[in-house]
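# Structure assessment
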Amino acid sequence: MYQYWKKKSQEEINNTIFKALKANINYEEQVIIGLPASFLDEKVFNQDASFLKEAPFISTLAQNPNHIGCHTLGKSEPFFAGTQKIEQELIEICAVDILKGEAQQQDGYVASGGTEANIQAIWVYRNYFKNKFKASLNEICILCSADSHYSMNKAGNLLCIDVENVGVSKEGRSISTASIELAVNQAKKKGKKYFIVVCNMMTTMFGSVDDVDLYVDVLGASGCEFMIHVDGAYGGFYYPFSEKNNKLTFQNKNISSFTLDAHKMAQAPYGTGIFIIRKGLIQHTNTQEASYVEGEDFTLIGSRSGANAVAVWMILSKNGPFGWQEKIFILQKRASWMCEQLDSLNIEFYRHPFSNIITIKKEFVTDEIATKFGLVPDNHHKPNWFKIVIMEHVTIEKLMLLLEDLKAN
Ligand SMILES: *Cc1c(COP(=O)(O)O)cnc(C)c1O
């Protein structure tokens, strides 16, 4: 069932990572004098500390491998081959065992975050439309729901293409055939012929999930070209485990790429946005001028830490696929419990049934309560909603304190 993702003991994890570090260059032991790189400054970060022997992640940080470029295709810098292999394995776990792709049929890398991974996807498709159809920038647009993350607006701004928003229903936070048709027709009037669709696998504020088939049906009937990216920055390590009938996978031939952030639900260090795309597409963002980098550079970022890939690989290996299922199961249970309590108090909220975000209407939340519990508003100037995110540390005990205050309000 799981091809690459296996639960590993701490000993196996330590052995694997230390072996990978040995396969990287060692600036102390070898004569490597051509790189603007070294171990972390020894005066500050002791390389010999005894605790490092039991700490594969900190050891990787100290040895500071640079994972510049993309390591799932072509050549890569030989200096960091050991930890690059860990990154390849991590991409394969996510692409095949989480997103149901075929083995070895996807490319990907660990980006700085969801923002970069989304921009990377949109950059690939913008260039794909330019290269394949001679599309001009004003014929291309990004199509995404009004609840999408603001990184799509950054991408549109940077890549000089317009963003067309698809309206969502006020209570259900869902897109519809009619709202997509409206947005597509408006875009066509402005001369758009090529659509970069970003489909949400859990939105930041509501945890809502877009029905990808609606995009496929409307755009298919429109006669326009389109490519679909799934933004799972929030939901990528959650939704595939909470919804058995997940339609947002590589099994759907209309979907070409995914963003999934390990630094949100997977509790990894910041700098772990994962970008995965079907083979044959990332070539559209190769920068041939990156001639000093072995294998050139298909990514947006440039230099990046190999320790990030190691951290995510360790987290997934330690939990294992079934441990992950249990983790999500518990969060789902807590979220459902909270929703029952809110219902019994007649407090109105939105929750997607497979999500751990509960978004409460502002009428039921005072400023004091929002501040006391760190509830995040949809808009700091003019809030309409406040959200609770059920994370590992958000226990029923803590939720009960909020319920008491909501009740007294
Ligand atoms: C957080 C988030 C992003 C952006 O991710 P960063 O890692 O903060 O750059 C993009 N999309 C969604 C849905 C998110 O929740």
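Residues numbered from 1 in each chain as written. Predicted model: local features only at pLDDT ≥ 70, side-chain atom pairs only at ≥ 80, totals over all residues. Heavy atoms only, no water.

### Topic: the site of the ligand
Taken together, the neighbourhood of the ligand is formed by 14 residues, with T115, D231, D261, H263 and K264 sitting nearest. Between the ligand and T115, the relevant distance is 2.6 Å, taken from an oxygen atom to a side-chain nitrogen or oxygen of the residue. Contact distances for the ligand include 2.6 Å between a nitrogen atom and a side-chain N or O atom of D231. When the ligand is considered free in solution it has 380 Å² of accessible area, and contact with the protein chains removes 86% of it. In terms of residue count, the dominant contributor to the shell around the ligand is helix α4 (residues 114–133) (three residues). Looking at side-chain class alone, the shell around the ligand contains three nonpolar, eight polar and three charged residues. (Near = heavy atom within 4 Å. Polar contact = N/O pair within 3.5 Å; in protein donor to acceptor, adjacent residues only side chain to side chain. Areas by Shrake-Rupley, 256 points an atom, 1.4 Å probe, with all protein chains shown as cover. Helix = DSSP H or I, 4+ residues; strand = E, 2+ residues; numbered from the N terminus. Nonpolar A, V, L, I, M, F, W, Y, C, P; charged D, E, K, R; others polar.)

### Notes on the domain arrangement of the protein chain
If you check the domain split of the protein chain, you get domain 1 (10–66), domain 2 (78–317) and domain 3 (320–408). The C-alpha-based centres of domain 1 and domain 3 are spaced at 41 Å. (Domains from an automatic or database assignment.)

### Here we look at helix α11 (residues 396–408)
With 13 residues, α11 extends 18 Å from end C-alpha to end C-alpha; this agrees with the ideal 18 Å at 1.5 Å per step. Of the positions making up α11, those classed as buried are L399, L402, L403 and L406. Looking down the long axis of α11, one finds its buried residues gathered within 105° of arc, a one-sided arrangement. Opposite the buried face of α11, at more than 90 degrees from it, the exposed residues are E397 and A408. Turning to α11, the residues buried within the fold contact α9 (306–344), β9 (357–361), α10 (367–373) and β11 (385–389). (Expected span 1.5 Å × (residues − 1). Buried < 20%, exposed > 50% of the residue type's maximum accessible area, 1.4 Å probe, protein only. Arc of directions from axis to C-beta. Contact = heavy atoms within 4.5 Å.)

### Some thoughts on the pairing of strand β5 (residues 225–232)
Here β5 lies mainly inside the structure; seven of its eight residues are buried. In this structure, strand β4 (residues 194–200) lies alongside β5, joined through seven bridges in parallel fashion. Counted as the bridge partner of V198 is H229 from β5. Chirality of the crossover, the property in question, places the unit of β4, helix α7 (residues 212–222) and β5 among those that are right-handed. Two elements, β5 and strand β6 (residues 255–261), share five bridges in a ladder whose sense is parallel. Bridging from a neighbouring strand, I228 pairs with I255 of β6. (Pairing = 2+ DSSP bridges. Right-handed = clockwise from strand over helix to strand, strands pointing away.)

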